[in-house]
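What follows is the residue order along each chain.
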Amino acid sequence: MLRISCPYCGTRDEVEFHCGGEAHIVRPEPAVNDREWANYLFHRKNTKGIHLERWCHVFGCGQWFHIARDTVTHEVHAVYEMTESPPELLR
Ligand SMILES: [Zn+2]
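Below: a short report on this structure.

The next point concerns the side chain of Asp70. Note on placement: Asp70 falls in strand S5 (residues 64-70). It is Arg69 that comes nearest to the buried, bridge-free Asp70 among opposite-charge side chains, at 7.1 Å. Of the polar contacts made by the side chain of Asp70, one reaches the backbone nitrogen of Thr73; its length is 3.3 Å. Setting aside residues no more than four positions away along its own chain, Asp70 makes contact with Gly49, Ile50, Glu75 and His77.

The structure is reproduced here in structure tokens:
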């Protein structure tokens, strides 16, 4: 089981959280073509290694935040707030 450090509550078990998928996906302008819109809606990186994700502490404070998690080892390398950029080392 993952142990995740909520930036507002501290470290808790994974069962208190919900993963919202890949982080830092930017919604395109309304005038994009169908291919670009489909890419925004459906295509994700599916990274093997360090992956930047959105998580919500649903059974805690209810806040969303980002984590950098290794998809192979499940090690959490960084936790940062929604308004922050990923740590320079992980970009
Ligand atoms: Zn929390």
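Having seen the structure, we can now continue with the description.
The next point concerns the pattern of salt bridges. The tally for this structure, following the rule as stated, stands at three salt bridges. Arg3 is paired through a salt bridge with Asp13; the nearest N and O atoms lie 2.5 Å apart. Of this pair, Arg3 sits in strand S1 (residues 3-6) while Asp13 sits in strand S2 (residues 10-13), and the two are 10 residues apart along the sequence. We classify Asp13 as partly exposed; its relative accessible area is 29%. A salt bridge links Arg69 to Glu53, with the shortest nitrogen-to-oxygen separation between them at 2.6 Å. Highlighted residues: Arg69 in strand S5 and Glu53 in strand S4 (residues 50-56), separated in sequence by 16 residues. A single burial state applies to Arg69 and to Glu53, both of which are buried.

Thresholds, definitions, all that
Residues numbered from 1 in each chain as written. Predicted model: local features only at pLDDT ≥ 70, side-chain atom pairs only at ≥ 80, totals over all residues. Heavy atoms only, no water. Helix = DSSP H or I, 4+ residues; strand = E, 2+ residues; numbered from the N terminus. Buried < 20%, exposed > 50% of the residue type's maximum accessible area, 1.4 Å probe, protein only. Lys, Arg positive; Asp, Glu negative; His and termini not counted. Salt bridge = Lys/Arg side-chain N within 4 Å of Asp/Glu carboxyl O. Polar contact = N/O pair within 3.5 Å; in protein donor to acceptor, adjacent residues only side chain to side chain. Contact = heavy atoms within 4.5 Å.

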